[in-house]
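Analysis of the macromolecular model
Spelled out from the first residue to the last, the chains are:
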Amino acid sequence: DSSVTGVQTCALPISWDISKAFDRVRHKDVWSAAKREGFPLDLVRVSLGSYKWQRRFVDGTLVSQGMWLTIGVAAGSPLAAWELLLVLLRPMETVSVLNRMVSLSLHVDDLVVEAQEDQPETTVWNAAKALADAVVEFGKLELPLDKEKPTTIVSDSKVAKLAQQIMGVRIGKVADEA
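Now for a look at the structure at hand. Please read these numbers as outputs of a predicted model, since none were measured by experiment. Each chain has its residues counted from 1, following the order in which its sequence is written. Local features in this predicted model are restricted to residues whose pLDDT is 70 or higher, and side-chain atom pairs enter the listing and the counts only when it is 80 or higher, whereas totals over whole chains, interfaces and linings include all residues. The side-chain numbers reported here are obtained from all heavy atoms of the structure, hydrogens and water having been left aside.

A look at the overall build of the protein
Tallying secondary structure elements over the protein gives 7 helices and 7 strands in all. In the protein, the order of α-helices and β-strands from amino to carboxyl end is α-β-α-α-α-β-β-α-β-β-α-β-α-β. Within the span of the protein, comprising 178 residues, buried residues form 37% of the whole. Residue contacts are counted whenever heavy atoms from the two residues lie within 4.5 Å of one another. Considering only contacts in the protein between residues 6 or more positions apart, those separated by 24 or more positions represent 65%. Where helices and strands are cited, they refer to DSSP runs of H or I of at least four residues and of E of at least two residues respectively, numbered from the N terminus. Think of it in three bands: with a 1.4 Å probe and only protein chains considered, a residue is buried below 20% of the maximum accessible area for its type, exposed above 50%, and partly exposed in between.

Set out below in structure tokens:
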């Protein structure tokens, strides 16, 4: 709090959509993560078992061959958010370890990175590095961050300008609250 310390803090929160996260999450990654994290495997078995039913596409009188899903979870199912979170825990932990001065959180299928420092330059560089690391780590799971959907609200015009210069299109929309 700047009123206590006398130091002005610069903050840069960035929310970035994970592109088609529920459609892209691989079932094998859910299983691996559930085992690694100690998640109840009976729940995973029931949830992922619902995708094992044979599916067919129907268009009028045309009916496709039967197929079984190996990727994707139903965004509306009770366990889908947990399945996605399980898969994302490890990459988020990796990004956190590499970027100790940045906080990360997940809001459904949006990654939120927040950098907060005394200097605008440090704030923006910390956020940029964390986002670059997130692109790499999430990419390993074939869960890319949507280049069209990063958003932020910045109350400091210097932070906003630096963010646009340093991160370019990756910063998305910048709204000056001041």
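So much for the structure itself; the text now carries on.
Some points on the pairing of strand β4 (residues 102–107)
For two strands to pair, DSSP has to find at least two bridges joining them. Taken together, the 6 bridges between β4 and strand β5 (residues 110–117) define a ladder with antiparallel strand orientation. Directly across from V102, in β5, lies its bridge partner A115. Counting the residues between successive antiparallel strands, the hairpin from β4 to β5 contains 2 residues, one of them, V108, with a positive phi of roughly 60 degrees.

Quick word on the pairing of strand β1 (residues 10–17)
On a regular strand, each side chain points to the face opposite its neighbour's, so the side chains alternate between the two faces of the sheet. Where β1 lies against β5, 8 bridges are found, and the strand directions are antiparallel. Among the inter-strand pairings, W16 is bridged to a residue of β5, identified as L111. Summarising the sheet, β1 and strand β6 (residues 151–154) pair through 2 bridges and their orientation is antiparallel. Bridge assignment links S15 to a residue of β6, and that residue is T151.

Considerations on unusual backbone geometry
Across residues other than glycine, the phi torsion is negative in most instances, and most of the peptide bonds are trans. Within the chain, K20 stands out as a residue other than glycine whose phi angle is a positive 50 degrees. Within the secondary structure, K20 sits in the loop between β1 and α2 (21–24). Positive phi is not limited to glycine here, since V108 has a value of about 60 degrees.

Some words on the environment of T70
Checked against the element boundaries, T70 lands in the loop between β3 (62–63) and α5 (80–98). On the accessibility criterion, T70 (54% relative accessible area) is exposed. For the pair formed by T70 and H27, sequence separation is 43 residues and the distance between their alpha carbons is 5.6 Å. Other than its neighbours up to four places away in sequence, T70 contacts R26 and H27.

Observations concerning the side chain of E83
Along the chain, E83 falls in helix α5. With a relative accessible area of 3%, E83 lands in the buried category. Aside from chain neighbours lying at most four places away, what touches E83 is V30, S47, L48, Y51 and V73.

Examining the environment of R55
As for its position among the elements, R55 is in the loop between α4 (41–49) and β2 (58–59). We classify R55 as partly exposed; its relative accessible area is 29%. The residues touching R55, leaving out its near neighbours within four places in the chain, are S50, Q65, G66, M67 and L69.

Considerations on α5
Working rule for helices: expected span equals 1.5 Å times residues minus one. A rise of 1.5 Å per residue sets the reference length of α5, with its 19 residues, at 27 Å; its end C-alpha atoms lie 28 Å apart and thus fit the reference within 8%. Among the residues of α5, A80, E83, L84, L86, V87, L88, P91, M92 and V95 are the ones counted as buried. Looking at the buried side of α5, the elements it contacts are α2, α3 (27–37), α4, β4, β5 and α6 (120–140).

Quick notes on α6
Helix length check: α6, at 21 residues, gives a terminal C-alpha distance of 31 Å against a target of 30 Å (1.5 Å per residue), a fit within 8%. Listing the buried residues of α6 in full gives P120, T123, V124, N126, A127, A128, A130, L131, D133, A134, E137 and F138. Against the buried residues of α6 lie β1, α5, β4, β5 and α7 (157–167). The first or second residue beyond α6 is E142, which carries a positive phi of 60 degrees.

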